[in-house]
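Reading the structure
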Amino acid sequence: MGQQRRVDLAGAAHLELVSGVVQLRPEDAMVEAMLRGWRAQQAARGLREDTITARERLVRRFVDFTNEYPWAWVPGHVDEWSLSLTGEKHLAPSTIRSYQGGLRLFSEFLIDGRYGWAVACEDAFGTHPVAICHEWNTIAHLNDYEGSPEARPFTREEIQRFLDYADDQVDRAVRAKRKGALAAYRDATLFKVIYGWGLRRTETSKLDLVDFGRNAAAPQFGRYGTLNVRYGKAKRGQPPRRRNVLSVMDWAVEAVADYVENVRPRFGCEDHPALWVTERGGRIKPAEINARFVAYRDALKLPKELVVHSVRHSYVTHLTEDGVDRRFIQSQVGHECDSSTAVYTHVSSDFMNTALLKALTPALAGEHTMTGKDCR
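This text gives an overview of the structure that appears in the document. All values derive from a computational prediction rather than experimental measurement.

**Regarding the overall build of the protein chain**
Helix and strand counts for the protein chain stand at 15 helices and three strands. Each of the 376 residues in the protein chain was classed as buried or not, and the buried ones make up 40%. Partitioning the contacts of the protein chain with sequence separation of at least 6, the portion at a separation of at least 24 is 63%. Accessible surface computed for the protein chain: about 21,100 Å², of which carbon and sulfur atoms make up 53%.

**Thoughts on the pattern of salt bridges**
With the rule as written, the count across this model stands at 22 salt bridges. In this structure, the salt-bridge partner of Arg48 is Asp50, at a minimum N-O distance of 3.0 Å. Taking relative accessible area as the criterion, Arg48 reaches 37% and is therefore assigned partly exposed. The network of salt bridges with common partners includes Glu32, Arg39, Glu49, Glu56 and Arg60.

**Re helix α5 (residues 93-111)**
For the α-helix, the turn length of 3.6 residues means that residues three or four positions removed from each other point alike. The end-to-end C-alpha separation of α5 is 27 Å, in line with the 27 Å expected for 19 residues at 1.5 Å each. Of all the positions in α5, only Ile96, Arg97, Gln100, Gly102, Leu103, Phe106, Ser107, Phe109 and Leu110 are classed as buried. Considering only its buried residues, α5 is in contact with α2 (26-44), α3 (49-66), α4 (75-87) and α6 (117-125).

**Digging into the side chain of Arg186**
Relative to the assigned elements, Arg186 resides in helix α8 (residues 181-197). Contacts of Arg186, omitting those with residues within four sequence positions, involve Tyr259, Phe267, Trp276, Val277, Thr278, Ile284 and Arg292.

**Regarding the side chain of Asp208**
By secondary structure assignment, the location of Asp208 is in the loop between α9 (201-205) and β1 (212-213). Judged by relative accessible area, which is 11%, Asp208 ranks as buried. Looking at Asp208, its side chain comes within polar contact range of the side chain of Arg283, at 2.9 Å. Residues contacting Asp208, with those up to four places away along its chain left out, are Arg230, Pro273, Ala274, Leu275 and Arg283.

**Overview of the pairing of strand β2 (residues 226-232)**
Counting buried residues along β2, six of its seven residues qualify, which places the element largely inside the surrounding structure. Where β1 meets β2, two bridges bridge the pair, whose relative direction is antiparallel. Paired with Gly213 across the two strands is Thr226, which belongs to β2. Strand direction decides the pairing type here: β2 and strand β3 (residues 241-246), joined by five bridges, are antiparallel. Residue Asn228 lies in a different strand from β3, and its bridge partner there is Asn244.

Rules behind the numbers
Residues numbered from 1 in each chain as written. Predicted model: local features only at pLDDT ≥ 70, side-chain atom pairs only at ≥ 80, totals over all residues. Heavy atoms only, no water. Helix = DSSP H or I, 4+ residues; strand = E, 2+ residues; numbered from the N terminus. Buried < 20%, exposed > 50% of the residue type's maximum accessible area, 1.4 Å probe, protein only. Contact = heavy atoms within 4.5 Å. Areas by Shrake-Rupley, 256 points an atom, 1.4 Å probe, with all protein chains shown as cover. Salt bridge = Lys/Arg side-chain N within 4 Å of Asp/Glu carboxyl O. Expected span 1.5 Å × (residues − 1). Polar contact = N/O pair within 3.5 Å; in protein donor to acceptor, adjacent residues only side chain to side chain. Pairing = 2+ DSSP bridges.

Below, the structure is given as structure tokens:
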């Protein structure tokens, strides 16, 4: 048997450590090598640069907090750090869990025998890193949605008022012959698309003209029968998830078709791929969508609990009230499990009462029959 060949995994200690060089501060040099290795390992897995950078920044903050090196970390350090995030910085549980998750990934990378960091630390400092994040000192992910409990969808009357107001801004700009009519028309259509296809704000901002396509099962919608969402919400550290959303609201299809064919060309951006372009020839940003939304919401004196994401919630709720199959809605909005869709659903009391009556009818009918027999 020949000697087994060592596999050079991206991020391995022997690839990052410089042999034969005496370091003035060997501990600091080891930490920097670890972070370089972790960066290389994540890059090899295809993770996004901004995700990798944010995780590295998090680890550096933890080093500063503990005033210890990674091979001296113990679970108690995570306890103290989590307590400070809760008691001093008052961060949301979802944020703290995200930080703990990033720290767990770094710790698991260091103790993974394939990368050799534990052996390198043992050789250099006589000790080695251990697992520091456990079930008993981290926050469990118990819910798919941890947003503000005050957040809610629009009622049908509210969404109608909001979309009507957006259309009114176009008419006012045109009548006043002032600049901004094209932008107002674009934004009115944009909000209709968020509602009509149940999109997130970022997903909407990154749509391109080519993302619309035909659906053989719905030829009446022409080239707008389906929407390919290429920048769906990603799992942590992973690339965006894609999904196809089928068109179901004919009025929304008519609105976007009119915008694409009659309004967008007037921006003068024929070569730009974006669906939503600005008057300066760029792509609209999520922050700009939010600013316009807030302006319209406040002008209508609607509750501040309504945010851009409430429009997406409304899509789920209103389709549910209309009797659309729950699994279809789940697929449309890109939820992996039904519990996520359930949290998004806030059906009206009228719908609940109708559903209750439908559920009770068989029982009531049976009770009536039984009573009749007893009378006889």
